[in-house]
Amino acid sequence: MEWFSSHRRDLPWRRSYDPYEILVSEVMLQQTQMERGVSYFLRWVARFPTVADLARADEEDVLRLWEGLGYYSRARNLLQTARCIVERYGGSVPRTLPELRSLPGIGPYTAGAILAIAWNIPEPALDANGERVLARLLDCRESVRSRKGRECLLAAMRCMTPEGQARDFTQGLMEFGALLCTPRTPGCDACPLRKSCAALTAGTVLLRPVLPEKRVSVPLSVVAGLLRRSDGAVLLRRRPLGGLLGGLWEFPGGKVEEGERFEETLVRTIREELGVEILPGPLLCKVSHGYTTFRVSLRVYLCLVPDVPGQEAFLDGEVLAGLRSRAASECAWVSPKALGDYPLAGGSRKAVRILLEKGVFPEADEGT
């Protein structure tokens, strides 16, 4: 705690410890680097300064503001949590563990962090940085993801938390791991805990914490079609809610099956999904985008819709109905100027940026 008082970073949610801001920051920083999280946090609270403001928001606005952070279920859960807080608790973030755990997407860590940091209530909250500090301090040989290992560290944190100082101790532990007791190059020479560190004594610092083996990232080849109408509008599809990247928009297309050529996949997937025949044109761009367990290689082709009987209705209206597959919940013709208003999946957003640079959307403005 002495170290924390001298080395603490000036983070925006630490200026007031507003419970809503602590909630947002904790959800946002899951799987997100601190520097990036701060910029997203500032934009978020500028747009939704209170729980009530967020509760009134449209889901698409929330997803658009979250775009680029990934793990979009966090954003949808945060929206639902805000609505629950307004409906059940009059807009005040709860201050008991059972109430917090009853909210959508709030697990033991997030609930503990809100209680400790926002309310200064001694409930243990261990992020990856805190886990690393305690695992080294105790030279814990159990995996920190195992039940035994987790319970050991939580018990230690409960014992160590000074009475009435849960806020500073919890943040200090996290900050200590983030800035000094780092994964690969810990500052052991400057560590104020070096005389008490069991892992340093045993020579196992770089072996702690014990972690499970990382999952292999599976490569995935995907194609998508850029379909344009005579007025310049392009076709987007919205992924079904509840699934992977649920609620986000992207160009229509699909996964390349073994033995298929890219153009064959494009014709097949658009026929299966939209019930129309297309003619694949030239390759416009190729992008790569990583997700949790797989890495997508996305190719975007310009596509033409032949003027044949039965396909006239496809080009009419703003929104298409009668989708033939579960790959999308809705499709819409979108003006290039309005592409920035739609929360796009990561690969499609990268593709749009490249297509803008290539002048494929000359009618789009610089803010798209």
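So, a few notes on the structure that sits alongside this text.

Cut-offs used in this document
- Residues numbered from 1 in each chain as written.
- Predicted model: local features only at pLDDT ≥ 70, side-chain atom pairs only at ≥ 80, totals over all residues.
- Heavy atoms only, no water.
- Helix = DSSP H or I, 4+ residues; strand = E, 2+ residues; numbered from the N terminus.
- Buried < 20%, exposed > 50% of the residue type's maximum accessible area, 1.4 Å probe, protein only.
- Contact = heavy atoms within 4.5 Å.
- Areas by Shrake-Rupley, 256 points an atom, 1.4 Å probe, with all protein chains shown as cover.
- Lys, Arg positive; Asp, Glu negative; His and termini not counted.
- Charge placed at Lys NZ, Arg CZ, Asp CG, Glu CD.
- 1 Å grid on protein atoms, 1.4 Å probe; cavity = no way out; pocket = protein on both sides within 12 Å on 5 of 7 lines; lining within 4 Å.
- Points joined across faces, edges and corners; volume = space filled by probe spheres on them.
- Nonpolar A, V, L, I, M, F, W, Y, C, P; charged D, E, K, R; others polar.
- Pairing = 2+ DSSP bridges.
- Axes fitted to C-alpha atoms, helices over the stretch in contact; angles between N-to-C directions.
- Expected span 1.5 Å × (residues − 1).
- Polar contact = N/O pair within 3.5 Å; in protein donor to acceptor, adjacent residues only side chain to side chain.
- Core = buried A, V, L, I, M, F, W, Y, C linked by side-chain atoms within 4.5 Å.
- Salt bridge = Lys/Arg side-chain N within 4 Å of Asp/Glu carboxyl O.
- Left-handed = near helix turned anticlockwise from the far one by under 90°.

## Comments concerning the overall build of the protein chain
Then, in step 1: Looking only at helices and strands, the protein chain has 14 helices and eight strands in total.
Then, in step 2: Seen along its three principal axes, the alpha-carbon backbone of the protein chain occupies a region of about 80 × 50 × 35 Å.
Then, in step 3: Counting across all 368 residues of the protein chain, residues that qualify as buried make up 49%.
Then, in step 4: Of the contacts made within the protein chain by residues no fewer than 6 positions apart, 64% connect residues no fewer than 24 positions apart.
Then, in step 5: Just so you have it, the protein chain exposes about 18,500 Å², and 52% of that area is on carbon and sulfur atoms.
Then, in step 6: Mean positive and mean negative side-chain charge positions of the protein chain (49 and 45 charges, respectively) differ by 6 Å.

## Observations regarding empty space enclosed by the protein
Then, in step 1: According to the stated counting rule, one finds one cavity of 30 Å³ or more in the structure shown.
Then, in step 2: In this structure, the largest cavity spans a volume of roughly 130 Å³.
Then, in step 3: Lining the largest cavity are 15 residues, and of these Phe-176, Cys-181, Cys-188, Cys-191 and Cys-197 sit closest to its centre.
Then, in step 4: At three residues, helix α9 (residues 128-138) tops the list of elements feeding residues into the lining of the largest cavity.
Then, in step 5: Classifying every residue of the lining of the largest cavity by side-chain character gives twelve nonpolar, one polar and two charged.

## As for the layout of surface pockets
Then, in step 1: As a volume, the largest pocket reaches approximately 2,000 Å³.
Then, in step 2: Around the largest pocket sit 43 residues that line it, and Gln-31, Asp-127, Ala-128, Asn-129 and Arg-145 are the ones nearest its centre.
Then, in step 3: Contributions of two or more residues to the lining of the largest pocket are made by α2 (19-28), α3 (34-47), α8 (108-118), α9 and α11 (166-179).
Then, in step 4: For the lining of the largest pocket, the residue count by class is 19 nonpolar, eight polar and 16 charged.

## Examining the sheet that holds strand β4 (residues 253-255)
Then, in step 1: Spatially, four strands are ordered β4-β1-β6-β5 in an open sheet, and the strand pairing comes out mixed. Strands with a single pairing partner mark the edges of an open sheet, and in this sheet they are β4 and β5 (279-290). Between one strand and the next, the sheet's axes are offset by a mean angle of 20°, whatever the strand orientation.
Then, in step 2: Where strand β1 (residues 218-227) lies against strand β6 (residues 294-304), ten bridges are found, and the strand directions are parallel. When the bridges of β6 are listed, Pro-219 appears paired with Arg-295.
Then, in step 3: Against the sheet, helix α13 (residues 262-274) touches β1, β4, β5 and β6, its axis set at about 70° to β1.
Then, in step 4: Packing of helix α14 (residues 346-357) onto the sheet brings it into contact with β1, β5 and β6, and relative to β5 it is tilted by some 120°.

## Observations regarding α3
Then, in step 1: Taking 1.5 Å per residue as the helical rise, α3 with its 14 residues ought to reach 20 Å, and the 20 Å between its terminal C-alpha atoms agrees with that figure.
Then, in step 2: All buried positions along α3 are accounted for by Met-34, Gly-37, Val-38, Tyr-40, Phe-41, Trp-44 and Val-45.
Then, in step 3: Of the surrounding elements, those touching the buried residues of α3 are α2, α4 (51-55), α5 (59-66) and α6 (73-89).

## What to know about the side chain of Arg-349
Then, in step 1: Looking at where Arg-349 falls in the secondary structure, it is placed in helix α14.
Then, in step 2: Reaching out from Arg-349, the side chain makes a polar contact with the side chain of Glu-67 at a distance of 2.5 Å.
Then, in step 3: Non-local contacts of Arg-349, meaning those with residues more than four positions away in its chain, are made with Glu-67, Leu-339, Gly-340, Tyr-342 and Leu-344.

## Considering the nonpolar core
Then, in step 1: Judged by nonpolar contacts, the single largest core of 47 residues is most densely connected at Trp-44, Leu-54 and Trp-66.
Then, in step 2: Ignoring anything within four residues of it in the chain, the contact list for Leu-54 reads Tyr-20, Trp-44, Phe-48, Val-62, Leu-78, Leu-79 and Ala-82.
Then, in step 3: By size, the runner-up hydrophobic cluster in this structure holds 24 residues, among which are Phe-251, Val-287, Leu-344 and Val-360.

## Observations concerning the pattern of salt bridges
Then, in step 1: This model, assessed by the stated rule, comprises 24 salt bridges.
Then, in step 2: We note a salt bridge from Arg-349 to Glu-67, for which the minimum N-O separation is 2.5 Å. In this pair, Arg-349 sits in helix α14 while Glu-67 sits in the loop between α5 and α6, placing the two residues 282 residues apart along the sequence. You'll find Arg-349 and Glu-67 in the same group, each marked buried.
Then, in step 3: With a closest N to O distance of 3.3 Å, Glu-272 and Arg-268 form a salt bridge.

## Quick notes on unusual backbone geometry
Then, in step 1: Put simply, Arg-208 and Pro-209 share a cis peptide bond, and its omega is 0°.
Then, in step 2: Following the sequence through the fold, Pro-209 ends up in the loop between α12 (198-202) and β1.
Then, in step 3: Its identity is not glycine, yet Tyr-71 carries a phi of approximately 45°, on the positive side.
Then, in step 4: A positive phi is found at Asp-139, a non-glycine position, where the angle reads about 50°.
Then, in step 5: For Asp-139, the position within the fold is in the loop between α9 and α10 (147-160).
Then, in step 6: Asp-139 gets classed as buried once you look at its relative accessible area, which sits at 12%.

## Points about the packing of α2 against α8
Then, in step 1: Two numbers describe how α2 lies on α8: the axes approach to 10 Å, and their chain directions differ by 140°. Crossing geometry of α2 relative to α8 is assigned as right-handed. Between α2, through Pro-19, Ile-22, Leu-23, Glu-26 and Val-27, and α8, the contact on the second element is made entirely by Tyr-109, Thr-110, Ala-113, Ile-114, Ile-117 and Ala-118.
Then, in step 2: Class assignment of the residues belonging to the contact of α2 with α8 gives a composition of nine nonpolar, one polar and one charged.

What is shown is where atoms sit, not what they do.
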